[in-house]
Amino acid sequence: MGTNGSTMLEPLRQGLPPLDPSAVSNAASCALPPRYEAVREARRFTSRTLDGWEMSDRFDDVCLVVSELVTNALRHALPADTPRPADQNGPVRLHLMRWTERLVCAVRDPSHDSPVTRDTDDFSAESGRGLFLVDSFSDSWGWHPLAGALEGKVVWALFRLQRSAG
């Protein structure tokens, strides 16, 4: 009937492109605290990870998208009055996964609400343009609810990579 792991990747809105999890060449993740410093920590983690993968040329685009995804998770999935349990894994988690020609950034949060792109012509508006930026700087993005014991959803963005000449 299919493995339990594959149901987690069945999206509601838009599926991850067909990526074989066993073919991941690199993967890294970090738990983020439910505070706005998490955005800075996520950027630092992304920078260190991309350096280690010799991908610092993609830092600007990837970091912008990571910042927006983490900010959205903190702003919309963790309202100010949410109790902050001392969860070992942290309520928000950033995953970076690299295949030969693709990089995926995924942010897990405890909310079941779908991410909403706001139709706004006001590009100076602070709120509502995060997903517009994600859409502009990544090659594709989507989200899916978590299955099994984990509550919430994952919002992901995909970047196509140039195949190295080596």
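What comes next is a walk through the structure.

Parameters and conventions
Residues numbered from 1 in each chain as written. Predicted model: local features only at pLDDT ≥ 70, side-chain atom pairs only at ≥ 80, totals over all residues. Heavy atoms only, no water. Buried < 20%, exposed > 50% of the residue type's maximum accessible area, 1.4 Å probe, protein only. Helix = DSSP H or I, 4+ residues; strand = E, 2+ residues; numbered from the N terminus. Arc of directions from axis to C-beta. Contact = heavy atoms within 4.5 Å. Pairing = 2+ DSSP bridges. Axes fitted to C-alpha atoms, helices over the stretch in contact; angles between N-to-C directions. Parallel < 35°, antiparallel > 145°, perpendicular 65-115°, else oblique. Left-handed = near helix turned anticlockwise from the far one by under 90°. Nonpolar A, V, L, I, M, F, W, Y, C, P; charged D, E, K, R; others polar.

Let's talk about helix α4 (residues 130–137)
Thought 1: Looking only at α4, the buried set comprises G130, L131, L133 and V134. Across the axial projection of α4, the buried residues extend over an arc of 155°, all falling on one side.
Thought 2: Taken together, the buried residues of α4 touch α3 (59–77), β4 (140–145) and β5 (153–160).

Focus: unusual backbone geometry
Thought 1: In the Ramachandran plot, E54 falls in the positive-phi region, its phi being about 55° despite a non-glycine side chain.
Thought 2: With respect to the helices and strands, E54 occurs in the loop between α2 (37–52) and α3.

Description of the sheet that holds strand β1 (residues 26–32)
Thought 1: Strand order in the open sheet formed by five strands is β1-β2-β3-β5-β4, with antiparallel pairing between adjacent strands. In this open sheet, the two strands that pair with only one neighbour each are β1 and β4. For this sheet the average axis-to-axis angle between neighbouring strands, irrespective of direction, equals 15°.
Thought 2: The strands touched by α3 within the sheet are β1, β2 (92–98), β3 (102–109) and β5, with β3 carrying the most contacts at an inclination of about 15°.

Side note on the packing of α3 against α4
Thought 1: Where α3 contacts α4, the axes come no closer than 9 Å and their chain directions differ by 150°. It follows that α3 is roughly antiparallel to α4 by the angle criterion. Relative to α4, the crossing made by α3 is left-handed. Contact residues: D61, L64, V65, E68, L69 and N72 in α3; G130, L131, L133, V134 and F137 in α4.
Thought 2: Partitioned by chemical class, the residues of the contact of α3 with α4 number seven nonpolar, two polar and two charged.

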